[in-house]
Amino acid sequence: MTTLTVNGEEVALDLPDDTPLLWALRDEMRLTGTKFGCGIAQCGACTVMVDGMPRRSCVTPVGTLEGASVETIEGLDGAEAEAVQSAWVQIDVPQCGWCQSGQVMSAVGLLRMNRAPSDEDIDNAMAGNICRCATYVRIRQAIHDAADTLEG
């Protein structure tokens with residue numbers, strides 16, 4: 001049994017310790033905003049926050065999360081989240097949308113650590129997130145726009 005907090009609520013998971021967090025979120029908790037992309041932590045579609053840091057849920061065993069705080073796209077909130085989500089909509093970032101929850105989670109993670117990121121900072125933070133529609137230019141612009149909003 002693993003006890004953790006998901007989107008502010010304590011959850012007890014009775015799953016094998018090696019069960020990927022992704023499947024616990026999607027199948028056990030019905031939080032389907034976190035997507036399966038590759039299963040080997042290479043695409044970023046499954047990105048969630050674990051103790052405030054972006055983490056690939058497809059390779060994170062639930063047994064390693066005792067006492068951890070997990071935040072998914074469904075529970076994402078705060079100034080950075082609002083700024084990113086607004087910028088995403090304003091410049092129409094998504095095309096197919098499959099990667100977007102992971103992109104948004106990584107972008108929020110970046111802005112929580114660095115409210116004035118350079119292009120290089122953005123590229124480094126977002127490097128593990130693949131967009132098969134290649135909306136990278138819009139993603140970078142949305143992150144800059146969100147940072148400008150936060151800086152006021």
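The rules behind each value
Residues numbered from 1 in each chain as written. Predicted model: local features only at pLDDT ≥ 70, side-chain atom pairs only at ≥ 80, totals over all residues. Heavy atoms only, no water. Helix = DSSP H or I, 4+ residues; strand = E, 2+ residues; numbered from the N terminus. Expected span 1.5 Å × (residues − 1). Buried < 20%, exposed > 50% of the residue type's maximum accessible area, 1.4 Å probe, protein only. Arc of directions from axis to C-beta. Contact = heavy atoms within 4.5 Å. Domains from an automatic or database assignment. Buried area = accessible area lost by both parts, 1.4 Å probe. Salt bridge = Lys/Arg side-chain N within 4 Å of Asp/Glu carboxyl O. Polar contact = N/O pair within 3.5 Å; in protein donor to acceptor, adjacent residues only side chain to side chain.

Caption draft 1: Looking closely at helix α5 (residues 136-151). Helix length check: α5 (16 residues) gives 23 Å between terminal C-alpha atoms against 22 Å at 1.5 Å per residue, within 8%. Among the residues making up α5, those that are buried are I139, A142, I143, A146, A147 and L150. Down the axis of α5, the sector holding all buried residues measures 140°, keeping them to one side. Seen from the buried face of α5, the exposed residues on the opposite side, beyond 90 degrees, are V137, D148 and E151. Buried residues belonging to α5 abut α2 (79-90), α3 (100-113) and α4 (119-126). A positive backbone phi angle near 75° is found at G152, which sits one or two residues after α5.

Caption draft 2: Fine view of the side chain of T72. Within the element layout of this structure, T72 appears in the loop between β5 (69-71) and α2. Leave out the neighbours within four places in its chain, and T72 touches V6, N7, L25, L31, T34, V48 and M105.

Caption draft 3: Geometry of the domain arrangement of the protein. The domains assigned to the protein are domain 1 (2-75) and domain 2 (79-151). Taking only C-alpha atoms, the centre of domain 1 and the centre of domain 2 are 21 Å apart. With 18 residues of domain 1 at the contact, the number on the domain 2 side is 13 residues. The largest share of the area that domain 1 buries against domain 2 comes from K35, M49 and I73, three residues that together contribute 34% of it. Linking domain 1 with domain 2 are 1 salt bridge. At the boundary of domain 1 with domain 2, the tally comes to 7 residue pairs in polar contact (both at pLDDT 80 or more). Secondary-structure elements contributing two or more residues to the side of domain 1 that touches domain 2 are β3 (47-50) and β4 (53-56).

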